[in-house]
4 protein chains.
Amino acid sequence: MPEHASPNFAPWRDRLHEIIFEADTKAGKAFDVALIIAIFLSVAVVVLSTLPSAASEPYRSVFYTLEWVFTILFTAEYILRLIVVRRPWRYATSFFGVIDLLSILPAFLSILLPGSERLMVVRTLRLLRIFRVFKLTRYLSEASALREAFYISRHKIAVFMTTVLIVILIASSLMHVVEGSAQNEAFDSIPDSMYWAIITMTTVGYGDVIPVTVVGKITTTLLVLVGYSLIIVPTGILSAEITDSRRKVTTRACGACMAEGHDADARFCKKCGAVL
Amino acid sequence: MPEHASPNFAPWRDRLHEIIFEADTKAGKAFDVALIIAIFLSVAVVVLSTLPSAASEPYRSVFYTLEWVFTILFTAEYILRLIVVRRPWRYATSFFGVIDLLSILPAFLSILLPGSERLMVVRTLRLLRIFRVFKLTRYLSEASALREAFYISRHKIAVFMTTVLIVILIASSLMHVVEGSAQNEAFDSIPDSMYWAIITMTTVGYGDVIPVTVVGKITTTLLVLVGYSLIIVPTGILSAEITDSRRKVTTRACGACMAEGHDADARFCKKCGAVL
Amino acid sequence: MPEHASPNFAPWRDRLHEIIFEADTKAGKAFDVALIIAIFLSVAVVVLSTLPSAASEPYRSVFYTLEWVFTILFTAEYILRLIVVRRPWRYATSFFGVIDLLSILPAFLSILLPGSERLMVVRTLRLLRIFRVFKLTRYLSEASALREAFYISRHKIAVFMTTVLIVILIASSLMHVVEGSAQNEAFDSIPDSMYWAIITMTTVGYGDVIPVTVVGKITTTLLVLVGYSLIIVPTGILSAEITDSRRKVTTRACGACMAEGHDADARFCKKCGAVL
Amino acid sequence: MPEHASPNFAPWRDRLHEIIFEADTKAGKAFDVALIIAIFLSVAVVVLSTLPSAASEPYRSVFYTLEWVFTILFTAEYILRLIVVRRPWRYATSFFGVIDLLSILPAFLSILLPGSERLMVVRTLRLLRIFRVFKLTRYLSEASALREAFYISRHKIAVFMTTVLIVILIASSLMHVVEGSAQNEAFDSIPDSMYWAIITMTTVGYGDVIPVTVVGKITTTLLVLVGYSLIIVPTGILSAEITDSRRKVTTRACGACMAEGHDADARFCKKCGAVL
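With 23 residues, helix H2 (residues 26–48) of chain B should reach 33 Å at 1.5 Å per residue; the first-to-last C-alpha distance of 33 Å fits that figure. If you check which residues of H2(B) are buried, you get B:Gly28, B:Asp32, B:Leu35, B:Ile36, B:Ala38, B:Ile39, B:Ser42, B:Val43, B:Val45, B:Val46 and B:Val47.

The subject of this paragraph is the packing of helix H1 (residues 11–21) of chain D against helix H2 (residues 26–48) of chain D. Residues and elements named next belong to chain D. Packing of H1 against H2 leaves a shortest axis separation of 7 Å and a crossing angle of 50 degrees. Considered as vectors, H1 and H2 are oriented oblique to each other. Residue-level inspection shows Arg15, Glu18, Ile19 and Ile20 of H1 in contact with H2, the latter providing Ala27, Gly28, Phe31 and Asp32. A breakdown of the residues in the contact of H1 with H2 according to their chemical character gives four nonpolar, one polar and three charged.

A few words now on the pattern of salt bridges. A side chain of one charge can pair with a side chain of the opposite charge when the charged atoms of the two come close. Residue and element names in this part refer to chain B. Per the stated rule, a full pass over the model turns up five salt bridges over all chains. For Glu77, the salt bridge is made with Arg81, and the minimal N-O distance between the two is 2.7 Å. One end of the pair, Glu77, and the other, Arg81, are both in helix H3 (residues 59–84), four residues apart, so they sit about a helical turn from each other. Across this residue pair, the class does not change: Glu77 and Arg81 are buried. Put simply, Glu77, Arg81 and Asp100 are held in one network by salt bridges that share partners.

All names here are of chain D. Positionally, Glu179 belongs in helix H9 (residues 154–180). Salt bridges are absent for the buried Glu179, whose nearest opposite-charge side chain, Lys217, sits at 8.2 Å. Residue contacts for Glu179: discarding those within four places in its chain leaves Asn184, Phe187, Ile210, Pro211, Val212, Thr213 and Gly216.

Overall, the coordinates contain 20 aromatic pairs over all chains when judged by the stated rule. A ring pair is formed by B:Trp68 and B:Phe108, whose centres lie 5.6 Å apart and whose planes are at 70 degrees; its orientation type is edge-to-face. Of the two residues, B:Trp68 is situated in helix H3 and B:Phe108 in helix H6 (residues 105–112); the sequence distance between them amounts to 40 residues. Judged by relative accessible area, which is 33%, B:Phe108 ranks as partly exposed. Geometry around D:Tyr195 places C:Lys217 over its ring, the cationic atom sitting 4.9 Å from the centre.

Residues and elements named next belong to chain B. Examined against the element boundaries, Phe74 turns out to sit in helix H3. Take Phe74: its relative accessible area is 3%, and that puts it in the buried class. Along the sequence, Phe74 and Asp100 sit 26 residues apart, while their C-alpha atoms lie 7.8 Å from each other. Not counting residues within four places of it along the chain, the set of residues in contact with Phe74 comprises Leu35, Ala38, Ile39, Ser42, Ile104, Arg123 and Arg126.

So, how was this worked out
Residues numbered from 1 in each chain as written. Chains lettered and ligands numbered in written order. Predicted model: local features only at pLDDT ≥ 70, side-chain atom pairs only at ≥ 80, totals over all residues. Heavy atoms only, no water. Helix = DSSP H or I, 4+ residues; strand = E, 2+ residues; numbered from the N terminus. Expected span 1.5 Å × (residues − 1). Buried < 20%, exposed > 50% of the residue type's maximum accessible area, 1.4 Å probe, protein only. Axes fitted to C-alpha atoms, helices over the stretch in contact; angles between N-to-C directions. Parallel < 35°, antiparallel > 145°, perpendicular 65-115°, else oblique. Contact = heavy atoms within 4.5 Å. Nonpolar A, V, L, I, M, F, W, Y, C, P; charged D, E, K, R; others polar. Salt bridge = Lys/Arg side-chain N within 4 Å of Asp/Glu carboxyl O. Lys, Arg positive; Asp, Glu negative; His and termini not counted. Phe/Tyr/Trp six-rings, centres within 6.5 Å; stacked < 30°, edge-to-face > 60°. Lys NZ or Arg CZ within 6 Å of the ring centre and 35° of its normal.

Function-wise, these values are silent; they only describe arrangement.
Rendered as structure tokens:
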């Protein structure tokens, strides 16, 4: 019997709660998979309905109908969730509750305010539910392994990011002075130069903003080489972190001195010598 | 005597089977190497015959002749394979059997349907046979080491790919709304925006689709920084996986001295010399 | 009592010195954080004041006023630092002392020489103080970990960089000869070709300088593949260095059981419990 | 006394040989450093002399003079090397001997054939001598560490490269068919498409060759994602190799069974249990 079951709560609500909110039972799993497929299809409808060819008949009517089908489906699901959950307000204000509401609102809003159906793209966020559905599988545990690697490296990343920010600011200012005086409109202001600096350092290199002066070109090549570190350094750090986090240090604590961080093959506490 | 040999099967077929299908004997090896060279040459002919200068005489005739030479050669090889193999149907429906057939069909088809010789590029797929030929060498064992590293990381990659997909969808929708209302034709639909998002996040940056609004430029720089993770994160994960798969240390402990960390091929304790 | 305290030095100066130059006390920490915020805001003002819209009223006056507010603030801080420090000359000629002076000079200079306010961007360098402020935290220790990894790899990086330089020079010379004779103006001189080579090898690929001849295109593809090593090789080296520097395992052996592989912080043998 | 010294060989030649060919003595080191500087300067002269501004007086005369100064210097050095070495022919046909000759020939050739001074860029190759000069330092040992890592990974790299080649061929053929029929001139032939495929997969993305059809754009995005593996996979492999090559397995062989590959901390043979 689920934890939330209680005498003054109808059993069918408990049953529905289990199906809609949990993924342990067969029915719950089936519901979740069906939901993910529905979300994927609704996102596909929103994406494809923006194509120019979707603006003409008969596609227009088809997409219009499909959008409303999914809106009604998701609305029914939202109302059902509110009914079966014990604390409706808590769900409604939760992260997924807000996304669930936001994904149906634009359709209804478009009746009053034509054009607001554009906001229906917020439905994309419902895809995040995919992580939730597979919560009990190892998918999320892997995500948290990544999160941990990032967390451990956060200071190094902070030092690195600050350095990168200063490099971008200095390079942008320099290019603004150098190229700006050469009448290169693309470097008219420092924010414009910063757009160039980021597009260049990350090696995207659209080519819409390019240096024309000799000093500008030399600065560009230097900046590009710095941009390389932008890949190399964090890659190295993260690799090392992940490699490290694999080498499992046990979480055993010494009974005598409470020291932690013992190797998996340790039989005695390395701090006080007591048997582990 | 090969496993497939049997009384009611001509010995010359067994002999030919050994040469054509296996690579253990000297003749089999020679056949395979000759085949790989023929495939490489036929691919070169297909590639070069598309050059504008190959459309005029005398090159046209040369390429035409060469293409038929390779077609006849490969047809002969295909028929031979069907004859010598014990279960022709099984070969014909196998992966390599289908590719072998597909690589000769377009030439014959072009007699009936002019223009279908273009499909001859499918011959490129025969290059995959190179892996088969070196099957018994360590080449494939290395490929499977890679495959294993990918397999072990598959959940992390799945979590990552889903996140990337959602980021692309959200960024595309946002840019469609922002740039679309600024009359930037390149962001006319979400699929168009998705093309831009992928070209940008992977740092290819052709420059055929670029943001023109301030909000669009800021979104671009943010997306580019996310795109960076697209390199950094999987690189780190894969490095760590490969590093890990190298360390084949067993968890056996020595019965005499309790030492651990023995190599997988160790038969005696490296600390005290006792039998493991 | 701080080390620099002495009888013939006013106590308020010692107290101010502690606040301004150190970050151990609560007041010192507060001063540093306030300073970093002020630097960030002043940099934001310099960056935004270059926008075209900032050239028209009322923004122009606002930015003008803000720039002078920060200039006066930083001037006061600079003078205060000179007063409270025991060896003013030493501070004035130190790295941060010079930057502090350079960040206020342009504003005063602009009174005599209109246009020199452009140099105010040098204020960006004050952001480097952020590293100083968090000196006592682990931020800088992480930076030095990176520095160490770079230091250990310096010979490999040197060998690699020399190879890259030679590749760039040879490719540039080749492209200058090949494309130059095809009237491709972008390869008019070897320095121009070097700009192309660096933009190409680092995969930025603006598209402002591109090969037009067949030989030029083949050279480009070869160079691009070499450019790939520019990422792969140092990434690999750095990852390995950082991974290595993590493994701080001592080479001490246990006197009792001869077990090795103890952590640097181990005081007892993890195998037999004897004192190391 | 050097190994090559002999009674019928003038002592001054031995002395000069030591200076010119070796780097152990103080004079030899000084000669090598002076030579590297001269090579760098001569390369700089060749590079800068291609600038448009170097074609007009007085720069033209200055560069002309400098080029001849270095030519005469290197000619003198070349003749000296031939005189002092015991086997002149062996030196003349060695790698560095050929480069030394090639770097002076174009200048003399330009007297007979105006325009051949362009070949002077071959002088750049002399920079390779920098590795030779530092031969006895650890620089080259680091280069060989890299070479070893590449050598160990060669099979994996081979498998990977073949896969990449096949992907490029298939993508190029597909794009040639798809875009070629859409009148996109840039995909007129498969070799042209291959140029596009390499520029795209390596994320250079000049933007001179871009897809215009929907199928072309989808193929492009898929190819770009494959191109990503082009970075990720070899980076991971190389990182792991270098990390591995650090973990020093001793080269001690067991006296009893000749087994190798013992850990640094092993005291007994892991194969036969004999004391190491």
